[in-house]
Amino acid sequence: QRRRAHPLGTLEARRAEVRKMGGEDKIAKQHARNKLTARERLAAFFDDGVYFEVGMHGTQMGITAGPDGNLWFTEYTGHKIGKITTAGVVTEYSVPTTGAGPFGITAGPDGQIWFTHQSTAPSAISKLTTQGTQFVQYTTSVTNTGPRGIAPGPDGNVWYTKQGGIGRMQPNGTTNEYGVPNGGD
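Residues numbered from 1 in each chain as written. Predicted model: local features only at pLDDT ≥ 70, side-chain atom pairs only at ≥ 80, totals over all residues. Heavy atoms only, no water.

### Digging into the overall build of the protein
Point 1. Tallying secondary structure elements over the protein gives 3 helices and 13 strands in all.
Point 2. Buried residues in the protein amount to 36% of all 185 residues.
Point 3. Partitioning the intrachain contacts of the protein with sequence separation of at least 6 by distance along the chain shows that 33% fall at a separation of at least 24.
Point 4. Total accessible area computed for the protein in this model is approximately 10400 Å², and 55% of it derives from carbon and sulfur atoms. (Helix = DSSP H or I, 4+ residues; strand = E, 2+ residues; numbered from the N terminus. Buried < 20%, exposed > 50% of the residue type's maximum accessible area, 1.4 Å probe, protein only. Contact = heavy atoms within 4.5 Å. Areas by Shrake-Rupley, 256 points an atom, 1.4 Å probe, with all protein chains shown as cover.)

Encoded structure:
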């Protein structure tokens, strides 16, 4: 967990951290498979100094009011869940699943923060406490693309959108999924 009172004061340090791409061991694994990292592949297409990376620190995709009086948001490319107080203090929590791509987010009927994983294989929905601890992940049957939007239902469950339909997840992770008449997107 990381707190920052003034985002500009740590911008270059954050950029350096992001450029590490998870650490030297992760880069070495890519190279051991005779693969370039994403940044190395992009660098091959551009002359030095021409390429500028947008969204390096995470693209915020969803936001919700939490039961704790804070606002909670997803950082899709940063693979984090963020919390911001009404005074502007930001706290980030790294999602333990590699490549999670957190997307939709909501305060669940159980008082926890629920979010969808747009990029995870297998597709999943997770929840965490408002203290940012105890991430619990549940797999869904969504294939190819993860679940997207998520909202609390009047039945005490969370409901989510998926390609071609709607799903319902109970607090224990049990799901039911329903197709929509025209198949969705």
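### Describing a nonpolar patch on the surface
Point 1. Taken together, the side chains of Ile166, Tyr178 and Val180 present a nonpolar region at the surface, about 210 Å² in accessible area.
Point 2. By the secondary structure assignment, Tyr178 is in strand E13 (residues 175-179). (Patch = residues over 30% accessible without salt bridge, like charges linked within 9 Å, V, L, I, M, F, W, Y side chains within 5 Å. Salt bridge = Lys/Arg side-chain N within 4 Å of Asp/Glu carboxyl O.)

### Comments concerning unusual backbone geometry
Point 1. Positive phi, normally seen in glycine, also occurs at Asn34, with a value near 60°.
Point 2. Within the element layout of this structure, Asn34 appears in the loop between helix H2 (24-32) and helix H3 (38-43).
Point 3. With a relative accessible area of 74%, Asn34 lands in the exposed category.
Point 4. With phi around 55°, Gln134 is a residue other than glycine that occupies positive phi space.
Point 5. Along the chain, the position of Gln134 falls in the loop between strand E8 (124-128) and strand E9 (136-139).

### Considerations on the nonpolar core
Point 1. Among the nonpolar cores identified, the biggest contains 10 residues, and these are Trp72, Ile81, Tyr93, Val95, Ala100, Ile105, Ala107, Ile113, Phe115 and Leu128.
Point 2. Once residues lying within four places of it in the same chain are set aside, the contact partners of Ile81 are Trp72, Phe73, Thr74, Thr91, Glu92, Tyr93, Val95, Pro102, Ile105, Phe115, Leu128 and Phe135.
Point 3. Trp114, Tyr138, Ile150 and Met169 belong to the second largest nonpolar core, which has 7 residues in total. (Core = buried A, V, L, I, M, F, W, Y, C linked by side-chain atoms within 4.5 Å.)

### Comments concerning the sheet that holds strand E7 (residues 113-117)
Point 1. Pairing in this open sheet of 4 strands is antiparallel, and the strands run E6-E7-E8-E9 from one edge to the other. Taken across any chain shown, the strands that pair with only one partner, and hence form the sheet edges, are strand E6 (102-107) and E9. For this sheet, the mean angle separating the axes of adjacent strands, direction not counted, is 20°.
Point 2. Pairing between E7 and E8: 5 bridges, direction antiparallel. Residue pairing for E8: Phe115 is matched across the bridge by Ser126. (Pairing = 2+ DSSP bridges. Axes fitted to C-alpha atoms, helices over the stretch in contact; angles between N-to-C directions.)

### Section: the pairing of E7
Point 1. Of all 5 residues making up E7, 5 are buried, and the element is well covered by its neighbours.
Point 2. Residues Ile113, Phe115 and His117 point to one face of E7 and Trp114 and Thr116 to the other, with burial holding for every one of them.
Point 3. Two strands pair when backbone bridges link them, and E6 and E7 are joined in this way by 4 bridges, in the antiparallel orientation. Of the residues in E7, the one forming a bridge with Pro102 is His117.
Point 4. Here E6 hands over to E7 after 5 residues, with Gly111 in that stretch at a positive phi of 85°.

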